[in-house]
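Read off the chains here:
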Amino acid sequence: MHLRSLLIVAVPLALASASLVREAAAQEPAPTPQPASVPSPQPEPPLPPPAQDAGTSGYHNGNFFIRTPDDVFRLYVQGRVHVDYYAAFGPGLGNLAPGQAVAQGFSLRRARLEMAGEFFQQWQWQLGAEFAPSADDNVAANTASLACKVNPSTSYETCTPQENTVDNPSMKPAPTDAFVNYAPSPWANVQVGQYYLPFTLENRISDNTTAFLERALVIRTIGVPLQRDIGAMFWGESPDRVLYYTVGVFNGDGPNRPNVDTRYDLAGRAFIRPFIKSASGSTKWAQIGASVHGGSRDATKVGYDMPALTTSEGFSFWKPTYTDSHGRLLHIIPSAAQEAFAGDLYVPAGNFDFTGEFVYAHYDTREAVDGLQLSPFTERLGALEGWGLYAQVGYWLVGDHEILGYPSYGRPIHVDLTQPQRPAEHGLQVVARVDQLSLTYSGASRGGTNDSRTPNGDIDVTAFALGVNYWATRHLRVSANYTYYDLPAHALVSSLHEVSARVGVQF
């Protein structure tokens with residue numbers, strides 16, 4: 001009875017449980033079908049190796065470097081050798097006296113040793129010294145001359161004989177670029193020392209990579225005839241490289257010369273690249289810029305001459321010295337206001353480069369007899385003023401702008417070791433340029449009376465230049481230039497043809 005009763009109760013319960021299980025199973029969602037197998041994604045290309053994998057020494061994208069394992073200290077080893085050949089021809093050139101004619105033949109234009117470095121990748125420094133012959137002593141081949149001294153108070157002159165060797169080359173090693181730069185931010189850098197004056201586009205381009213062997217006529221004559229100066233500047237650029245600016249305070253007396261009158265020059269330059277975000281290819285590096293340079297010279301303390309106005313090969317078509325009607329040697333000396341303004345444009349388009357600059361300058365002068373430059377005996381007060389410009393076009397027959405990069409602006413050396421090594425390239429470039437110079441010298445426009453031989457008048461020059469550059473990477477160039485000059489009528493030579501060539505190695 002008991003077993004029977006249990007069966008009567010258990011069987012209905014089991015049937016009811018099975019029914020509940022079936023209902024619950026019916027209410028569960030159907031299992032999600034498994035997707036077909038997908039192959040695993042391919043790995044991305046590896047990033048450039050970090051700096052710590054670049055080794056402690058080597059060559060990377062144009063620079064030899066040595067560094068400590070922690071990359072706190074870096075040293076860059078540099079140098080350049082430029083061997084040039086000069087030739088010139090034109091009517092009357094052969095009749096010029098020694099010291100007036102153009103030097104012809106082979107020349108060691110530059111023989112420079114340079115070193116640079118970094119600390120913590122925020123402090124940069126550079127030091128260069130030039131060992132090429134800088135001048136010739138006694139080019140007029142005099143075997144004897146008089147050494148004369150003039151009393152600056154009484155103007156009394158005493159002379160003693162002095163023997164000279166004939167055509168003695170003067171080799172005077174001297175610093176070129178020597179500076180320290182602090183760079184806490186791309187926007188804010190402070191640089192002190194001696195370096196290219198921040199005025200005009202071409203003056204900030206290294207001698208290694210200028211399109212022609214020498215800078216344009218207007219840049220060399222009235223723009224920045226001394227190229228470098230000693231001072232301090234504040235400079236920076238936006239991280240996207242759209243904007244660059246610099247403003248600085250300088251002695252105003254040129255390289256390797258102390259401040260002689262405790263007055264200072266102001267110089268500044270800025271440019272923008274308006275298409276760097278919108279254009280593609282080389283055109284995005286197009287830029288437009290402006291420069292300003294101003295200062296003054298104390299007439300009682302500055303006694304050095306104005307720079308001569310010369311051609312590329314050094315022929316002087318205007319000199320800051322002359323012999324007056326009394327047979328005295330007169331010096332034209334910078335005095336009072338010294339002002340210059342400039343604008344520039346650079347447009348790369350495909351394999352073409354278009355470059356142009358305009359400079360206006362006003363330089364006050366004074367004239368003094370030789371030996372009395374720092375005395376109260378100033379003969380007259382005048383000015384040299386006017387404008388100049390050049391327009392230049394280049395075309396890459398082989399290679400492109402990447403071989404040299406785009407116009408530099410004196411940025412201290414910093415090698416980004418995270419960037420991949422660029423392959424070595426060859427390039428062949430042809431260039432053409434036209435220069436125009438329009439100046440006027442007025443010896444007594446600010447005071448005094450002109451002498452009959454004061455070199456007053458217009459100084460108008462037109463030059464046409466052609467060049468070809470072969471680049472075996474940016475470290476070796478073989479170049480040839482031809483320039484024709486239409487010179488002022490009162491110059492010793494009214495027209496001149498110059499041919500020059502260079503083999504240069506540079507790192």
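Keep in mind the model is a prediction, meaning the values are calculated, not measured. (Residues numbered from 1 in each chain as written. Predicted model: local features only at pLDDT ≥ 70, side-chain atom pairs only at ≥ 80, totals over all residues. Heavy atoms only, no water.)

Moving on: the packing of aromatic side chains. Applying the stated criterion across every chain yields a total of 18 aromatic pairs. Taken together, Trp 235, Tyr 244, Phe 271 and Tyr 409 form an aromatic cluster joined through their ring pairs. The ring centre of Tyr 304 lies 4.1 Å from the NZ or CZ of Arg 257, which sits over that ring. When the ring centre of Phe 212 is taken as origin, the NZ or CZ atom of Arg 433, which lies over that ring, is 4.3 Å away. (Phe/Tyr/Trp six-rings, centres within 6.5 Å; stacked < 30°, edge-to-face > 60°. Lys NZ or Arg CZ within 6 Å of the ring centre and 35° of its normal.)

This part covers unusual backbone geometry. With phi around 65°, Asp 71 is a residue other than glycine that occupies positive phi space. Even without being a glycine, Thr 262 presents a positive backbone phi close to 55°. By relative accessible area, Thr 262 is classed as exposed at 59%. (Buried < 20%, exposed > 50% of the residue type's maximum accessible area, 1.4 Å probe, protein only.)

Moving on, we get to the side chain of Gln 392. One can find Gln 392 in strand S21 (residues 378-398). Setting aside anything within four residues of it in sequence, one finds Gln 392 in contact with Glu 202, Ala 211, Phe 212, Asp 353, Phe 354, Thr 355, Ala 432 and Arg 433. (Helix = DSSP H or I, 4+ residues; strand = E, 2+ residues; numbered from the N terminus. Contact = heavy atoms within 4.5 Å.)

Our next topic: the confidence of the model for the chain. Per-residue confidence for the chain gives a mean pLDDT of 86, with 82% of residues at or over 70. The low-confidence segment residues 1-52, where pLDDT is below 50, has 11 contacts with residues more than four positions distant or belonging to other chains. Segment residues 136-146: pLDDT under 50, and 33 contacts once partners within four positions in sequence are set aside and those in other chains are kept. (pLDDT = per-residue confidence, 0-100.)

Across seven bridges, strand S5 (residues 123-130) lies against strand S10 (residues 174-185) in antiparallel orientation. When the bridges of S10 are listed, Leu 127 appears paired with Ala 178. Pairing analysis gives six bridges linking S10 to strand S11 (residues 188-196), with the strands arranged antiparallel. Of the residues in S11, the one forming a bridge with Tyr 182 is Val 190. Between S10 and S11, which pair antiparallel and follow one another directly, the connecting turn spans two residues. (Pairing = 2+ DSSP bridges.)

Considering the arrangement of structural elements, one finds Gly 410 in the loop between S21 and strand S22 (426-448). Here Gly 410 falls in the partly exposed class, since its relative accessible area comes to 27%. Distance in space between the C-alpha atoms of Gly 410 and Ile 205 is 7.0 Å, their sequence separation being 205 residues. Discounting chain neighbours no more than four positions away, the residues touching Gly 410 are Gln 191 and Arg 204.

The full count for this structure, using the stated rule, is 23 salt bridges. Residues Arg 446 and Asp 364 are paired through a salt bridge, measuring 3.6 Å at the closest nitrogen-oxygen approach. Residue Arg 446 is located in strand S22, and its partner Asp 364 is located in strand S20 (residues 352-369); the two are separated by 82 residues in the primary sequence. A relative accessible area of 8% means that Asp 364 is categorised as buried. Three or more residues joined by partner-sharing salt bridges are found here, namely Arg 80, Arg 110, Arg 112, Glu 114, Glu 130, Asp 207 and Arg 215. (Salt bridge = Lys/Arg side-chain N within 4 Å of Asp/Glu carboxyl O.)

Attention shifts here to a nonpolar patch on the surface. On the surface, a cluster of nonpolar side chains totalling about 800 Å² of accessible area is made up of Phe 73, Phe 119, Phe 120, Trp 123, Val 180, Val 190, Val 192, Phe 234 and Val 247. In this fold, Val 190 is placed in strand S11. (Patch = residues over 30% accessible without salt bridge, like charges linked within 9 Å, V, L, I, M, F, W, Y side chains within 5 Å. Areas by Shrake-Rupley, 256 points an atom, 1.4 Å probe, with all protein chains shown as cover.)

Under the criterion given, the structure shown has one cavity of 30 Å³ or more. Here the largest cavity is characterised by a volume of approximately 70 Å³. Along the walls of the largest cavity sit Phe 212, Leu 213, Glu 214, Ser 312, Glu 313, Arg 433, Asn 481, Tyr 482, Thr 483, Glu 498, Val 499 and Ser 500, which together make up its complete lining. By residue class, the composition of the lining of the largest cavity is four nonpolar, four polar and four charged. (1 Å grid on protein atoms, 1.4 Å probe; cavity = no way out; pocket = protein on both sides within 12 Å on 5 of 7 lines; lining within 4 Å. Points joined across faces, edges and corners; volume = space filled by probe spheres on them. Nonpolar A, V, L, I, M, F, W, Y, C, P; charged D, E, K, R; others polar.)

Burial of strand S12 (residues 228-237) is extensive: seven of the 10 residues sit out of reach of the surface. Pairing of S11 with S12, which is carried by eight bridges, proceeds in the antiparallel orientation. Directly across from Val 192, in S12, lies its bridge partner Ala 232. Across seven bridges, S12 lies against strand S13 (residues 243-250) in antiparallel orientation. Within S13, the position partnered with Ala 232 by the bridge is Val 249.

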